[in-house]
Amino acid sequence: MAKDPVRVLVTGAAGQIGYALVPMIARGIMLGADQPVILHMLDIPPAAEALNGVKMELIDAAFPLLKGIVATTDVAEACKDVNIAVMVGGFPRKEGMERKDVMSKNVSIYKAQASALEANAAKDVKVLVVANPANTNALILKEFAPSIPEKNISCLTRLDHNRALGQIAERLDIPVSSVKNVIIWGNHSSSQYPDVYHAVIDGDKPVREAVADDAWLDGEFIKTVQQRGAAIIKARKLSSALSAASSACDHIRDWVLGTPEGTWVSMGVYSDGSYNVPAGLIYSFPVTCSKGVWSIVQDLPINEFSRKKLDATAEELVEEKQLAYTCINE
Ligand SMILES: NC(=O)c1ccc[n+]([C@@H]2O[C@H](COP(=O)([O-])OP(=O)(O)OC[C@H]3O[C@@H](n4cnc5c(N)ncnc54)[C@H](O)[C@@H]3O)[C@@H](O)[C@H]2O)c1
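Cut-offs used in this document
Residues numbered from 1 in each chain as written. Predicted model: local features only at pLDDT ≥ 70, side-chain atom pairs only at ≥ 80, totals over all residues. Pairing = 2+ DSSP bridges. Helix = DSSP H or I, 4+ residues; strand = E, 2+ residues; numbered from the N terminus. Buried ≥ 20, exposed ≤ 12 C-beta atoms within 10 Å, placed from the backbone. Right-handed = clockwise from strand over helix to strand, strands pointing away. UniProt positions renumbered as here; feature names shortened; annotations may be inferred.

### Topic: the sheet that holds strand 7 (residues 179-180)
Part 1 of the argument: The three strands lie next to each other as 7-10-11, forming an open sheet whose pairing is antiparallel. Looking along the sheet, the strands with just one partner apiece sit at the ends: strand 7 and strand 11 (205-206).
Part 2 of the argument: For strand 7 and strand 10 (residues 200-201), the ladder comprises two bridges, and the chain directions are antiparallel. Across the sheet, Lys180 pairs through a bridge with Val200, a residue of strand 10.

Printed below as a string of structure tokens:
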């Protein structure tokens, strides 16, 4: 029997990531080749015409799994009964803008969209925040949608995770599918810590042994992953879009359908104090997922080198949280 359609919201759907993401969702890449979907697309009024163009292209692509399209600039209508919400819309940092000004704009967007989701979405909606500052936007969304369980609110660090897998595969000249269990700790920013101490290739061979170059792993590798977003902008004159969209599909697919046995992924989730990360931050951890629920992988040994990096990125998130609260209270 055919499954009931799942309603998937994409905010900022007229933007670059949105344009790459909506066809992936409509093709079953996010939720599976047998899962019909209804796409809800939100953007702001200046982008309404472009949004309508995206809708026209979705119709023209005749995706068999796509059972309906809601394209709107009305946030309540966009959020109505959605089961999955991918929050890509936000206010970008423009040249000359202070960090606080960008934070202030995004805090007000995420506060308003949290209320709209709370009032209109399905009670068990799963939320993925992509728009930057992703961790703090997700935290604001959590704070202002108290009836959405905190386990249902996350942010995207899977792109960084996939970038780390890609760098190891390139270095060893092996397929990326042979590498697993890297970890992105912390913030989706250049303070993130891409950790390969527990990563393996071909099932069980430690990456550190295979690479046999600690100086590269502790230096250039980490920097390359941290700075990859900037390198893409330099090369493309536009920020990463297809890789961000693909990673957003990976994030939701693994969350909903489960991670493979023996494999973990990185997700920005609400910290419960695991690994001595301050509770109450949205922080990227290694997680496994089963039956639609993520769990932080516990008891991985953390050496002194890693500890410092876990703490540094947590500190940045504490500062971002304080800045966000200053903006709320002004
Ligand atoms: N977490 C990650 O790994 C990751 C990776 C890449 C990009 N990003 C972030 O994703 C976001 C989107 O990137 P992009 O390249 O698609 O940007 P973009 O500027 O091309 O698109 C953003 C879209 O959001 C819309 N928008 C703005 N405010 C909105 C609101 N209040 N409600 C709904 N829509 C709104 C804009 O009109 C625009 O169409 C940015 O914040 C970017 O920094 C995150």
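### Overview of the pairing of strand 1 (residues 6-11)
Part 1 of the argument: With six of its six residues buried, strand 1 lies for the most part within the structure.
Part 2 of the argument: Residues Val6, Val8 and Val10 point to one face of strand 1 and Arg7, Leu9 and Thr11 to the other, with burial holding for every one of them.
Part 3 of the argument: Two elements, strand 1 and strand 2 (residues 37-42), share six bridges in a ladder whose sense is parallel. When the bridges of strand 2 are listed, Leu9 appears paired with His40.
Part 4 of the argument: Taking the sense of rotation as the criterion, the β-α-β connection linking strand 1, helix 1 (residues 16-26) and strand 2 turns out right-handed.
Part 5 of the argument: By the bridge criterion, four bridges tie strand 1 to strand 4 (residues 84-87) in an arrangement that is parallel.

### Considerations on the UniProt feature "binding site: substrate" (unreviewed entry) in the chain
Part 1 of the argument: Per the UniProt record, the feature "binding site: substrate" (unreviewed entry) sits at Arg93, Arg99, Asn132 and Arg163. With a sequence span of 71 residues, these residues are also far apart in the fold, their greatest C-alpha distance being 25.6 Å.
Part 2 of the argument: Structurally, Asn132 can be placed in the loop between strand 5 (126-129) and helix 5 (134-143).
Part 3 of the argument: What makes Asn132 buried here is the crowd of 20 C-beta atoms within 10 Å.
Part 4 of the argument: Mapped onto the secondary structure, Arg163 falls in helix 6 (residues 158-172).

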